[in-house]
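Here's the letter readout for the chains.
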Amino acid sequence: MDTHEIQGREFIKLSGTIRAPRPSLLQRFKMEVARFLLVALVAYVIRSIYKNKNGISRPPGSTLFDIADFFCSKKTLEGIVTPLIADMQLEYNDALAAKRKYKAGWVRVRGCWSFSRP
């Protein structure tokens, strides 16, 4: 066994430490595609905030729901995605009703970010 000394203490390196299994190639590919789509979606939201000052746009979360519908199971959609998007839309509409356009944009960006978090 290897021994290491750190700050005057001696530690023994165990040869068979337990490690979390590495995701499969397909899982890593899905995660990378999801990250790419999320970045593209956030960029689109930010661009639409500045471009579409007074026009009508799709409700926030509609694109997220389309992406989740493709990647997630029905159980995940009903239990996680739908409540997340409903909360985001409620906050968004409250911000617009209070004439806080930039806060409404921030709610959209924050909703996209929370959608990507595990």
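Just so you know, these numbers come straight off a predicted model, no measurement behind them. (Residues numbered from 1 in each chain as written. Predicted model: local features only at pLDDT ≥ 70, side-chain atom pairs only at ≥ 80, totals over all residues. Heavy atoms only, no water.)

Turning our attention to the packing of aromatic side chains. Tallying each qualifying case throughout the model produces 1 aromatic pair. Seen in terms of ring centroids, F70 and F71 are 5.0 Å apart; in terms of plane orientation they differ by 90 degrees. Their pairing is edge-to-face. By relative accessible area, which is 68% here, F70 ends up exposed. Relative accessible area serves as the criterion here: at 35%, F71 is assigned to the partly exposed category. (Phe/Tyr/Trp six-rings, centres within 6.5 Å; stacked < 30°, edge-to-face > 60°. Buried < 20%, exposed > 50% of the residue type's maximum accessible area, 1.4 Å probe, protein only.)

Averaged over all residues, the pLDDT of the protein chain is 79; the fraction at 70 or higher stands at 76%. Highest mean pLDDT in the protein chain belongs to helix α3 (residues 74–97) (89); lowest belongs to strand β1 (residues 2–6) (57). (pLDDT = per-residue confidence, 0-100. Helix = DSSP H or I, 4+ residues; strand = E, 2+ residues; numbered from the N terminus.)

At a closest axis distance of 8 Å, the pairing of α3 and helix α4 (residues 101–116) adopts a crossing angle of 170 degrees. Taken together, α3 and α4 sit at an angle that is classed as roughly antiparallel. Here α3 contributes V81, L84, M88, E91, Y92, A95 and L96 to the contact with α4, which in turn contributes K103, A104, V107, R108, R110, G111, C112, S114 and F115. Partitioning the contact of α3 with α4 into residue classes produces 10 nonpolar, 2 polar and 4 charged. (Axes fitted to C-alpha atoms, helices over the stretch in contact; angles between N-to-C directions. Parallel < 35°, antiparallel > 145°, perpendicular 65-115°, else oblique. Contact = heavy atoms within 4.5 Å. Nonpolar A, V, L, I, M, F, W, Y, C, P; charged D, E, K, R; others polar.)

Here we take up the pattern of salt bridges. Counted under the stated rule, the structure contains 2 salt bridges. In this structure, E32 and R35 form a salt bridge, with 2.8 Å as the shortest nitrogen-oxygen distance. Placement of the pair is E32 and R35 together in helix α1 (residues 25–51), with a separation of 3 residues, close to one helical turn. Ionic pairing is found between R110 and E91, a salt bridge with its closest N-O pair at 2.3 Å. Residue R110 is found in helix α4, and its partner E91 is found in helix α3; the two are separated by 19 residues along the sequence. With relative accessibility at 35%, the residue E91 sits in the partly exposed group. (Salt bridge = Lys/Arg side-chain N within 4 Å of Asp/Glu carboxyl O.)

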